[in-house]
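Letter by letter, the chains look like this.
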Amino acid sequence: MSLQAPLRPGTTATGSIRSVDADRTAGGRGAGRRERANWPVTIVLVLCALSVLVPLYVTLTMAFKTTGQAVDGNAFSLPAPFSVDGFAQAWELTDFPRAFGISVLVAAITVAGTILLASFTAYAIARNWDRRLFRWSFFYLLAAMFLPFPVLALSQVKLTGLVGLDNPIGVAILHVMFQLSFSVLLFTAFLRSIPAELEESARIDGASTGQVFWRLVFPLLAPMSATVGIFAFLASWNDFVMPSLITSDPALQTLPVLQQMFQTQFSNNYNVSFASYLMAMAPAIIVYLITQRWVMAGVTQGAIK
């Protein structure tokens, strides 16, 4: 006994086989279209990657060359032989350990202050969104994102000088203030994805608002806290304008400012210049490479409710 699929009215077995073949051919063509690479987007992405990788390659090759190779040689050629004299000279000229310690201090205060203040603010706004005061406070913080530091530079310089904060501590406080708007936006979006029923059950068990936040909500904010902390670290570590205007003592400047101050001493010693650039940006690159997965995870989770 053989089983045979019923034919549609008006069709024969041969016609049915041909229609199946046609459907398979059409399906194969559709799959080919879906798998075809989007070349314009690919070319743009490759160009964007090269715009970052080529300068980084030049920085690496120039930093490990001798002074003669850096002046007379090709910037794209590999150093032969490798030399670390540029790093030694840059270490002494910029007093790298002291400047590195100041930059780490400013970045650490910025990261910790941004995470704490932004999470407090976002929690209050997200859980009191129905109240006009909190809702308009959120809009006020969003509006502050469109005020860059150069617009407010003069007033900030005068205020920090009057209260005695024309030092790295004042720079760190200003970094926190200018990172607050964007960080509150990220935390608020993430908090809306956390069910309020979890907090209600904790309050039924007798937990206060502070206990609910520290024991329940704040641990759940770990992915977004990592994202906010990374953004705050990169913004603080790479900032040049704010420390150069706020800090009055040249001995307390951060790495980016010290590099500009000692640029005239580097003269034509390009290997020393590029060695100092590499030492300054190496911590930021290392931190980002290690934590980039948390950046993407935090942004993705915060964007989906």
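Just so it is clear, the structure is predicted and the values come from calculations on it, not from any experiment.

Some remarks on the overall build of the protein
Within the protein, the secondary structure is distributed over 15 helices and 0 strands. In the protein, once contacts between residues fewer than 6 apart in sequence are set aside, the share between residues at least 24 apart is 73%. Total accessible area on the protein is roughly 18,200 Å²; 68% of this is exposed by carbon and sulfur atoms.

Let's talk about a nonpolar patch on the surface
Taken together, the side chains of Trp39, Ile43, Val46, Leu47, Leu50, Val54, Tyr57, Phe76 and Leu78 make up a nonpolar region of the molecular surface, amounting to roughly 890 Å² of accessible area. Relative to the assigned elements, Val46 resides in helix 2 (residues 39-63). Using a relative accessible area of 41% as the deciding quantity, one classes Val46 as partly exposed.

As for the environment of Thr59
Mapped onto the elements of the fold, Thr59 is located in helix 2. Along the sequence, Thr59 and Phe76 sit 17 residues apart, while their C-alpha atoms lie 9.4 Å from each other. In this structure Thr59 touches Phe274, Leu278 and Met281, once residues within four positions along its chain are discounted. At a separation of 2.8 Å, a polar atom in the side chain of Thr59 contacts the main-chain carbonyl oxygen of Pro55.

A closer look at the packing of aromatic side chains
Going through the model one piece at a time under the given rule, you end up with 19 aromatic pairs. Ring geometry for Phe64 against Phe87: centres 5.0 Å apart, planes inclined by 50°, an arrangement best described as tilted. Of this pair, Phe64 sits in the loop between helix 2 and helix 3 (67-72) while Phe87 sits in helix 4 (residues 85-93), and the two are 23 residues apart along the sequence. Ring plane angle 80° and centroid distance 5.7 Å describe the contact between Phe149 and Phe178, whose orientation is recorded as edge-to-face. Here Phe149, found in helix 7 (residues 149-162), pairs with Phe178, found in helix 8 (residues 168-191); they are 29 residues apart in sequence, far enough to count as distant. An aromatic cluster is defined as three or more aromatic residues linked by ring pairs; in this entry it consists of Trp91, Phe96, Phe100, Phe233 and Trp237. In this arrangement the basic side chain of Arg192 is found over the ring face of Trp129, its NZ or CZ atom lying 4.5 Å from the centre.

What to know about helix 11 (residues 222-237)
For helix 11, which comprises 16 residues, the first-to-last C-alpha distance of 22 Å matches the rise-based estimate of 22 Å (1.5 Å per residue) to within 8%. Where helix 11 is concerned, the buried positions are Met224, Ser225, Thr227, Val228, Gly229, Ile230, Ala232, Phe233, Ser236 and Trp237.

A few points about the confidence of the model for the protein
Considering every residue of the protein, the mean pLDDT works out to 82; 82% of them sit at 70 or more. Across residues 1-5, confidence stays below pLDDT 50; counting only partners more than four residues off in sequence or on other chains, it has 0 contacts.

Here's the deal with the packing of helix 5 (residues 96-127) against helix 8
A pair of packed helices is characterised by two quantities: the angle between their axes and the separation of those axes. Closest axis-to-axis distance for the helix 5/helix 8 pair is 6 Å, and the angle between their directions is 35°. In this structure, the crossing between helix 5 and helix 8 has a hand that is right-handed. Of the residues assigned to the contact of helix 5 with helix 8, the class counts are 21 nonpolar, 9 polar and 1 charged.

With respect to the pattern of salt bridges
In total, this model carries 3 salt bridges according to the counting rule given. The residue Arg127 makes a salt bridge to Glu199 at a minimum N-O spacing of 2.7 Å. Here Arg127 is found in helix 5, whereas its partner Glu199 is found in helix 9 (residues 196-204), with 72 residues between them in sequence. For Arg127, a relative accessible area of 27% corresponds to the partly exposed category. A residue is classified by how much of its surface remains accessible, and Glu199, at 3% relative accessible area, is buried. A salt bridge links Glu199 to Arg203, with the nearest nitrogen and oxygen atoms 3.8 Å apart. Of the two residues, Glu199 and Arg203 both sit in helix 9, 4 residues apart, roughly one turn of that helix.

Re the packing of helix 5 against helix 6 (residues 132-144)
Axis separation between helix 5 and helix 6 bottoms out at 8 Å; the angle between their running directions is 135°. One way to sum up the angle between helix 5 and helix 6 is to call them oblique. Judged by the sense of rotation from one axis to the other, the crossing of helix 5 with helix 6 is left-handed. The residues of helix 6 that touch helix 5, namely those facing Thr121, Ala124 and Ile125, are Phe134, Phe138 and Leu141. Taken together, the residues of the contact of helix 5 with helix 6 break down into 5 nonpolar, 1 polar and no charged.

Describing the nonpolar core
In terms of nonpolar packing, the biggest core is built from 22 residues, with Val184, Phe187, Leu191, Val217 and Leu221 touching the most fellow members. Counting residues per element, the ones that place at least two in this core are helix 5, helix 6, helix 8, helix 10 (209-220) and helix 11. Once you skip the residues sitting within four places of it in the chain, Leu191 turns out to touch Ala122, Tyr123, Ala126, Arg127, Val217 and Leu221. Counting 21 residues, the second-largest nonpolar core is a separate cluster that includes Phe233, Trp237, Phe274 and Met279.

What counts, and where the lines are drawn
- Residues numbered from 1 in each chain as written.
- Predicted model: local features only at pLDDT ≥ 70, side-chain atom pairs only at ≥ 80, totals over all residues.
- Heavy atoms only, no water.
- Helix = DSSP H or I, 4+ residues; strand = E, 2+ residues; numbered from the N terminus.
- Contact = heavy atoms within 4.5 Å.
- Areas by Shrake-Rupley, 256 points an atom, 1.4 Å probe, with all protein chains shown as cover.
- Patch = residues over 30% accessible without salt bridge, like charges linked within 9 Å, V, L, I, M, F, W, Y side chains within 5 Å.
- Salt bridge = Lys/Arg side-chain N within 4 Å of Asp/Glu carboxyl O.
- Buried < 20%, exposed > 50% of the residue type's maximum accessible area, 1.4 Å probe, protein only.
- Polar contact = N/O pair within 3.5 Å; in protein donor to acceptor, adjacent residues only side chain to side chain.
- Phe/Tyr/Trp six-rings, centres within 6.5 Å; stacked < 30°, edge-to-face > 60°.
- Lys NZ or Arg CZ within 6 Å of the ring centre and 35° of its normal.
- Expected span 1.5 Å × (residues − 1).
- pLDDT = per-residue confidence, 0-100.
- Axes fitted to C-alpha atoms, helices over the stretch in contact; angles between N-to-C directions.
- Left-handed = near helix turned anticlockwise from the far one by under 90°.
- Nonpolar A, V, L, I, M, F, W, Y, C, P; charged D, E, K, R; others polar.
- Parallel < 35°, antiparallel > 145°, perpendicular 65-115°, else oblique.
- Core = buried A, V, L, I, M, F, W, Y, C linked by side-chain atoms within 4.5 Å.

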